[in-house]
Amino acid sequence: MIRRRCLSLLLLVLQSCCSPALAASPYLVGMGSYDITGPAADVNMMGYASAEQIAAGIHFRLKARAFIVAEPDGKRAVFVNLDACMASQLVTVKVLERLKARYGDLYDENNVAISGIHTHAGPGGYLQYVVYIVTSLGFVRQSFDVIVNGIEQTIVEAHNNLRPGKIYVNKGDLLDAGVNRSPSAYLNNPAEERSKYQYNVDKEMTLIKFVDDELGPVGSFNWFATHGTSMSRTNSLISGDNKGAAARFMEDWAEENVIPNQAAHVSSGNPRRVSALISEPNEITDDLIRLASSYKASGGTQIPGSNITRRVRSTQQNKPKFVSAFCQSNCGDVSPNVLGAFCLDTGLPCDFNHSTCNGKNELCYGRGPGYPDEFESTRIIGNRQFLKSVDLFNSASEEIQGKVDYRHTYLDFSQLKMNVPTSTGGQQVVKTCPAAMGFAFAAGTTDGPGAFDFKQGDDKGNAFWRLVRDVIRPPGPEQVKCQAPKPILLDTGEMKVPYDWAPAILPIQIIRIGQLVILCVPGEFTTMAGRRLRDAVKNVLTNSGQFDNNIHVVLAGLTNTYSQYITTYEEYQMQRYEGASTLYGPHTLSAYVQEFQRLATAMVSNKQVPTILQPPDLLNRQIELLPGVIVDKTPPGVTFGDASSDVPANSTFRKGSTVNATFYSACPRNDLLTDGTFALVEKLDGGNDWVPVYDDDDWSLRFKWSRPLPLSPNSFATLEWTIPEDAPLGVYRLRHFGASKPLIGSIKYFTGTSSAFVVC
């Protein structure tokens, strides 16, 4: 009997010890990522609305990254982060159609969120409203398709990777990655409200860490507010800007430090991809130099298109895939150009209220920490976010626990009504307006100034531009009154030719994963606007009794669609760029607060939020004015892939120096080489084996494309490799891949290499 009791006691002890471990993983978690790099030639970039900013190469590739969290027998939620300027309503609509065809009702508008990081260095033309595709010469189907395809593949991968796992949350301040670019508008908020906060921008980063029960850490997502404008409007290389860079650094760091059997330390330099198979010589010898000199430029060679992807990705196939996303938050008035805004002509600070220099906005520019090198500024701001993320990742200990839930609805923001307090303590009914943009919109920001005689803080406008406006579409008296004190430059909400210029029906969404609550907003909230929305929702949730004070509420900006800016009522009165770009009038934020409170109330009350509204699908009405590629040619006696400017013979390069080679090439629009590469650095390993070590998804290697003359069928590809300090010693060469279009016939793929050189 005693033996039986002891056995029973032992079983109880084992059960009590084991049960928490089983209960500690209440979720299935899945991560995914996929290439969404758009056309690297001829297409206008989205963000600055500068017609001169045309893509002409790749700084590093763009990706969609996703996580799925599911209760084993319950609800699930999907969050997708895009290396793109913003989400697109049309993209969201088409992604949801594909998910329905693939999975039925498992994923829909209620539990899928698609958010953009707000890089201003990605190809445009993928949104459906006229005002957002004017500078891209209308809709660009290639830009649109690669994003839709990439999101679908990302979600499929995350779905297929669903496995039991834990989620941890952590947060901390990052002080030197953003400043307020419209401080005069921020100061118009009530002093009592401003006194609650130490800074005039949000400094807090919130990170969630995903840990697979068997594989260990598999990813992290974080939310932090700073604009994707470290790269200027003169940049022509596709880039994920500072957040895309941070994601690259984090994923590369994870390969070396997080994934099993790798060294556990934080690299002091920029992380990079290098095959672990490569041997490193002990020293550079004359024999090694002679060996390099024996490998001359190969000349162009035709290849099957499939060889490109297999060649580049083969070295990564045996490693677990770690996915890290740096998501956008309430970045509306937050600039990464942390040194401040200065006049180009005098070097003095710009005018505080209007961001002008002698009355001109064109001369006022913000300076990043690497000024005057925008690539260095991008690296620094990205690296600061990366290092903070690593710190939060390594110290994350608060486990997320609780149910998965979500609420979503569509609203017509052109005619919402709400009650707001009056100055006398009463209540009044106000409403939103049809979309309109003010004069200060055309002034741009210190990240990218506008043109002509527009300036920020203009609440009057001028007679000439009013005349121009009235030729296009004069706003009616009711619209003028509704939008006041905004002087209307473009009455976009009432412009319908050839189709809608601006959205009216917008989605709002809440996703809950335990004590983490994500507010998905279709625009750029300013710092104080985001604070007010987060606090309003947090109050509803905590007052319900279902959450304690440990709730984490984050705002995910530029999600599911795009509707420009959302300021506070007080900031709107100042009519800086952000106020002029708050489409639906001075009470836009009040509308968001009211409607998000309704969503939150429905969530804690376990009630549904029915909606009869649906956004329009304007795909079949899109106008595409960008001409396609007609033909690619090379000069007589030259083959695609031949080197037009080779690496110097018998070259030896030190780490930190830059190697260039230029090849006769073809238009990158012929094939985006999705999940492949246009540029490659190869290292000689042993005998005659060339191993790929860096590609056009790496920070150190840039792919630049150019034509000798506009509309010329001839073109060139320049590969520019800045040798990392931790690159192994040895023999290297540059390789270019491309696809050419004959006048008649199908696309043909080619490659060519430079002469070899030694890195010492």
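Model, not experiment: these values are computed from the prediction.

A.B. asks: So what's going on with the overall build of the chain? Residues and values would help.
C.D. replies: Looking only at helices and strands, the chain has 15 helices and 39 strands in total. Relative to the globule expectation of 27 Å for 760 residues, the C-alpha radius of gyration of the chain, 27 Å, shows essentially globular dimensions. Projected onto its principal axes, the C-alpha positions of the chain cover 100 × 85 × 50 Å. Split into buried and exposed, the 760 residues of the chain put 60% on the buried side. Here the analysis covers contacts within the chain between residues at least 6 apart in sequence; of these, 77% occur between residues at least 24 apart. Carbon and sulfur atoms make up 53% of the accessible area of the chain, which amounts to about 29500 Å² in all.

A.B. asks: Break down a nonpolar patch on the surface for me, citing the residues and quoting the values.
C.D. replies: On the surface, a cluster of nonpolar side chains totalling about 500 Å² of accessible area is made up of Phe464, Leu467, Val468, Val471 and Ile472. On the secondary structure map, Val468 appears in helix α10 (residues 463-472). On the basis of relative accessibility, which here comes to 30%, the residue Val468 falls in the partly exposed class.

A.B. asks: Describe the domain arrangement of the chain, and please don't skip the residues or the numbers.
C.D. replies: Assigned domains of the chain: these are domain 1 (27-259 + 322-414 + 501-621) and domain 2 (283-315 + 628-759). On a C-alpha basis, the centroid separation for the pair domain 1 and domain 2 is 35 Å. Across the boundary between the two partners, domain 1 contributes 25 residues, which contact 20 residues of domain 2. Interface area, domain 1 with domain 2, both sides summed: about 1900 Å², of which 56% is carbon and sulfur. On the surface where domain 1 and domain 2 come into contact, there are 5 salt bridges. The residue Asp696 makes a salt bridge to Arg61 at a minimum N-O spacing of 2.7 Å. Taken together, domain 1 and domain 2 are joined by 12 residue pairs in polar contact (both at pLDDT 80 or more). The residue inventory of the side of domain 1 that touches domain 2, partitioned by class, reads 13 nonpolar, 6 polar and 6 charged.

A.B. asks: Tell me about the UniProt feature "active site" (unreviewed entry) in the chain, and name the residues and values.
C.D. replies: UniProt's feature table lists "active site" (unreviewed entry) at Ser335, given in the numbering used throughout. You can see Ser335 is positioned in strand β14 (residues 334-335). Taking relative accessible area as the criterion, Ser335 reaches 2% and is therefore assigned buried. Excluding residues that lie within four positions of it along the chain, Ser335 makes contacts with Ala177, Gly178, Val179, Arg181, Thr226, His227 and Asp447. Of the polar contacts made by the side chain of Ser335, one reaches the backbone nitrogen of Asn337; its length is 3.0 Å.

A.B. asks: Any chance you could break down the nonpolar core for me, citing the residues and the numbers?
C.D. replies: Of all hydrophobic cores here, the largest spans 132 residues; its most connected members are Ile151 and Trp721. Element by element, the count of residues in this core is highest for helix α15 (residues 588-604), at 9 residues. Domain assignment of the residues forming this core places at least three in each of domain 1 (27-259 + 322-414 + 501-621) and domain 2 (283-315 + 628-759). Each residue touching Trp721, except ones within four places of it in the same chain, is listed here: Ser657, Thr658, Val659, Val681, Tyr694, Ser700, Leu701, Tyr732, Leu734, Phe757 and Val759. Judged by nonpolar contacts, the second largest core, of 28 residues, contains Tyr27, Phe210, Ile511 and Val554.

A.B. asks: Go over the confidence of the model for the chain, please, and point to the residues and values.
C.D. replies: The share of residues in the chain with pLDDT of 70 or more is 92%, and the mean pLDDT across the chain is 92. The model gives residues 1-23 a pLDDT under 50, and that stretch makes 0 contacts with residues more than four places away or in other chains. Every residue in residues 261-271 scores below 50 in pLDDT, and together they form 23 contacts with partners more than four places removed in sequence or on other chains.

Rules of the game
- Residues numbered from 1 in each chain as written.
- Predicted model: local features only at pLDDT ≥ 70, side-chain atom pairs only at ≥ 80, totals over all residues.
- Heavy atoms only, no water.
- Helix = DSSP H or I, 4+ residues; strand = E, 2+ residues; numbered from the N terminus.
- Rg over C-alpha atoms; globule rule 2.2 N^0.38 Å.
- Buried < 20%, exposed > 50% of the residue type's maximum accessible area, 1.4 Å probe, protein only.
- Contact = heavy atoms within 4.5 Å.
- Areas by Shrake-Rupley, 256 points an atom, 1.4 Å probe, with all protein chains shown as cover.
- Patch = residues over 30% accessible without salt bridge, like charges linked within 9 Å, V, L, I, M, F, W, Y side chains within 5 Å.
- Salt bridge = Lys/Arg side-chain N within 4 Å of Asp/Glu carboxyl O.
- Domains from an automatic or database assignment.
- Buried area = accessible area lost by both parts, 1.4 Å probe.
- Polar contact = N/O pair within 3.5 Å; in protein donor to acceptor, adjacent residues only side chain to side chain.
- Nonpolar A, V, L, I, M, F, W, Y, C, P; charged D, E, K, R; others polar.
- UniProt positions renumbered as here; feature names shortened; annotations may be inferred.
- Core = buried A, V, L, I, M, F, W, Y, C linked by side-chain atoms within 4.5 Å.
- pLDDT = per-residue confidence, 0-100.

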